[in-house]
Structure formats: C-alpha cells, structure tokens
Amino acid sequence: MERTLYLYDGKQEEMKKSYDVIVVGAGAAGMMAAITAADKNFSVLVIEQKKQEGSKILVTGKGRCNITNDTDSAGVMKNVMSNRTFLYSALFTFPPSEIIRYFNNIGVATVTERGRRVFPKSGKAADVRDALVKQMRKSKVNVLKRNKVTSAIKGNDGFYYVNVLNDDNMTDCFRCVNLILATGGMTYRSTGSDGSGYELAKKLGHTVTELKGALTGLLTKEKWVAETMGLTLRNVSLTVKKDGKALYKEQGELLFTHFGISGPVVLTASRYLLDTDYRNTVAVIDLKPALEYQTLYKRITSDMEKNASKKYANSLDALLPKSLIPVIIKLSGIDPDKVCNQISREEKTSLVKLLKNLTLTVTSGMDIDDAVVTKGGISVKEINPSTMESKISPRLFFAGEIIDCDALTGGYNLTIAFSTGYLAGKSVYL
Ligand SMILES: Cc1cc2nc3c(=O)[nH]c(=O)nc-3n(C[C@H](O)[C@H](O)[C@H](O)COP(=O)(O)OP(=O)(O)OC[C@H]3O[C@@H](n4cnc5c(N)ncnc54)[C@H](O)[C@@H]3O)c2cc1C
C-alpha cells in the first residue's frame, strides 16, 4: 500500500493513502460512523476541515449538549418534521436508550431533565465531544484535521478518490472503498458545516432538496422587545396565528432578544411557519397560562388593594419580571401615575387581556446561518433507509444532518446524527 509523510497536528506522520472507509466530517454523525466502522476492523480515515473535531457539538444545548431524548424510537419519530419514516431503521437500530448506554459506557454520565432531555451530568458539551474523540483514538480511527474535502469521485476501479485542500493550500488525494458523507447542514457555518458536502454529493449523482434554516428565533415588528432583551420567561404559553388561525400552541420557555423572540418554544413554533410566508402572522404570549381570566382579575384586584395608595407604575412587582413592567405599563394604556385604588374595573379587565394576549407581529424567521438545523438535504428517495447507502452509487453512505431529515428541539437532531452515523458505520462492507 502506498504511504506518504504527512504533516498532521504539527508532527510528521506516516499516513496511509488508501482506506476501507473514509468519513468526511468529524461531527456527531461522522465520529459515530467512524468508530462503528473501525470497531468492525475496517481501516478508517476521518477528514475534517476545522482544526478540531465536533465544533458544533460544543455549541449545542447552550454549551450543555442535549445528547438525546429519553424516549423510544417512536417518540423520536413523532418529533421528526421531515421524512420521519425514512429514519425508522436507524432509530430502531440505535435508539435513544442505546445512545444513552453508549455515552455512559464511554465515560459520559448523563442526567435527564425537563421534557426527558438528556444532558451530560457535567453540564459540559465538551465532555461529549472529547469522549467521542477519545473513542476514535481507542478504535484506531485516523483523523486528518484542517483539510477540506474539495471533491470526491468514483474511479473506474470502483474506489472513491477524495481530494483535499489543507490550511496551507496544499492538495492531496486519498482512496477508499466506502465513502461516508457526514458534512452536516448549513447552519452555524463557523462550526464547519458550510454546505460543501451537498456539492460533493451532487457530483456523485445525488439530488439536494431545497435548503432552509429550521428552528430559528422570530423577528418582530414591535421594537419594545429590545427593552426586555435577555429576559427568559420559563412557563408561558405561545400561540402563533396566521390569518387568525392558530398554527401552533405550546407552553414552555421563551426568550426576548434584541430582534424579537427566541427560546425553545419559539424555535419549535418557527418550524411550523417554515413553509408559509409571514404575512398576517402574530405571536400571542399568555404570560399567565396557569391563571384563568377571572382568577387573574382577582389576583390583580387583590394586588391593587394591597398597594391601594401606590402608583400603578409601582404595583406590578409581584406579578411580572422587572424588565417587563415598563413595557406592560405602556401597552396597557393606563396612566402610570394613577393610584391603584382609582383604577377602574375596565382598566383591570384590559390589563388581564393584555397579560393573557401579549401580541407581537412576526415579520420573518432568521437567516439559515442562525438556525439550529437545516431543513432539506440529500433526498431520502436516493438512500437505502436500512443501511444509509446511496441507491445511486454503491458504497457511498450518508449520515447526519446532510440528509433531508430535521426534527424539533429536545435532543432529536443529535439522535438523528448518532443513529444514522451508527447505521452507516455498521453497514460499510468490502
Ligand atoms: C446552536 C445549536 C444548538 C443545537 N443544540 C442541539 C441540542 O442540544 N440537541 C440536539 O439534538 N441538536 C442540537 N443542535 C443540532 C445538532 O447540533 C446537529 O443537528 C448535529 O450536530 C448534526 O451533526 P452532523 O454530524 O450531521 O453535522 P455537524 O455537526 O455539522 O458536523 C459536520 C462536520 O463536517 C465538517 N465538514 C463539512 N464539510 C466538510 C468538507 N468539505 N471537508 C471536511 N470537513 C467538512 C464540518 O467541519 C463539521 O465538523 C443544535 C444546533 C445548533 C446550531
């Protein structure tokens, strides 16, 4: 077998040029595929364009990495928004229970939180990434970092030839029997998922469906949101309506940002708006979902009786977070200087209505780069769901977000990456 000297992580190393398996992309899917293939005694090379593996893992779950969801495969599928049945085999072969067991076995103790979301006990996404990197080393996976795969072609001899360009603008070529494309989607491009994998797949004969950023914050017309920037409301109810019709309603965590609203409940809502335009779209926030109108009215009345001689502007401390009070005061239209015992029944009623229906005009979602996940990708019609092998080019496999599958928040997207990565790695053959 041909060998060359190669500068690898600052050291000159002898590097094979021919492998049983080459994996493009050292993300969640690529690393899982590589480990699984190497554990079958195949020689494996992972090629990664960034200087470190798993850059995207580090930003997941706000740096805590929501690894998976402690549900069964059917439970994951319910949260998959595109091509859920395609994932049946992958999710049954490597379901969340196996993902949890796998990480526990490689030294990542896990904890299950609200919504059955599974996180590393340490609270550090880096521990998930580091455990996979360590496991690759243990399984004797070769990793070539700082090298971008610029093209991959199938030779007449049946091998795939993979061309790379490194940080120093040097090119090289590697050969393999099985090629796994695990280059991710198009979001958070600084983590390396720059969409170049789609071009590699197209050149190998595959179709890429329309790409959109799914799970984003929502931009709003109202500028007051910026005044509350950074405020997280843990348990509000959000209804998104288009042309007066509710498209989505859920209770959960919402974050005010400088541009509009975000947080888990908003990200999920955005997925339901992806295939619509944003005309006549509003987000209605119920700030007090646990209190019926009458109960909230009584509560406000009682608060105002307690504050009878105080100004209205100083009477809402017990009801609302500090940064939201000036906004609500303004939107309620009640004179802030009015003393509480002079506030009328009508005024209290309209305040109740406002708190139960804080309405924002949604103008759009955000740019694909700011999205959590990519909707669209390699057409599932061209991939064998039982193996992740291409139906067009034998021994070409796909894993992770590059595939036209996306899911809601809750650990489901990493589950897709791990499950499809595992299945692709398990399915390579000589
Ligand atoms: C902010 C944020 C938070 C998230 N939080 C969660 C969460 O908590 N739970 C969850 O389930 N999901 C979460 N997701 C989604 C999840 O991170 C992704 O769906 C998942 O990481 C996709 O894994 P992947 O391996 O397919 O792709 P990626 O992780 O994107 O990996 C692809 C790799 O391929 C490399 N690459 C690309 N092209 C080339 C090339 N031409 N040559 C060489 N290398 C290349 C890239 O550098 C990259 O390292 C989050 C996403 C974001 C953006």
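The structure presented is a predicted model; accordingly, all values stated were derived computationally and were not measured.

Cut-offs applied
Residues numbered from 1 in each chain as written. Predicted model: local features only at pLDDT ≥ 70, side-chain atom pairs only at ≥ 80, totals over all residues. Heavy atoms only, no water. Helix = DSSP H or I, 4+ residues; strand = E, 2+ residues; numbered from the N terminus. Polar contact = N/O pair within 3.5 Å; in protein donor to acceptor, adjacent residues only side chain to side chain. Contact = heavy atoms within 4.5 Å. Buried < 20%, exposed > 50% of the residue type's maximum accessible area, 1.4 Å probe, protein only. Near = heavy atom within 4 Å. Areas by Shrake-Rupley, 256 points an atom, 1.4 Å probe, with all protein chains shown as cover. Nonpolar A, V, L, I, M, F, W, Y, C, P; charged D, E, K, R; others polar.

Asks: It is not clear to me how the side chain of Asp406 should be interpreted in this structure. Could you clarify?
Replies: Its location among the elements puts Asp406 in the loop between strand 20 (396-398) and helix 12 (412-427). At a separation of 2.6 Å, a polar atom in the side chain of Asp406 contacts the side chain of Arg271. Apart from the residues within four sequence positions on either side, Asp406 is in contact with Val80, Met81, Ser82, Ala214, Arg271, Val373, Thr374, Lys375, Asn413 and Ile416.

Asks: Can you help me understand unusual backbone geometry in this one?
Replies: Negative phi characterises most residues that are not glycine, and trans characterises most peptide bonds. Not every positive phi belongs to a glycine, and Asn41 is a case in point at roughly 70°. Although it is not a glycine, Arg146 adopts a positive phi angle of roughly 55°. By the element assignment, Arg146 lies in the loop between strand 8 (142-144) and strand 9 (147-154). A relative accessible area of 36% means that Arg146 is categorised as partly exposed.

Asks: Please explain the site of the ligand as it appears in this structure.
Replies: In the vicinity of the ligand, 35 residues are found, and the nearest of them are Glu48, Val149, Ser196, Glu401 and Leu414. In the model, an oxygen atom of the ligand is placed 3.1 Å from a nitrogen or oxygen of the Ala28 main chain. Here a nitrogen atom of the ligand and a backbone polar atom of Asn66 are 3.0 Å apart. For the ligand, whose free accessible area comes to 1,000 Å², the fraction covered by protein is 95%. In terms of residues, the shell around the ligand owes the most to one element, helix 12, which gives 4 residues. Here the residues of the shell around the ligand are counted per class, giving 13 nonpolar, 16 polar and 6 charged.

So yeah, pure geometry; function would need other evidence.
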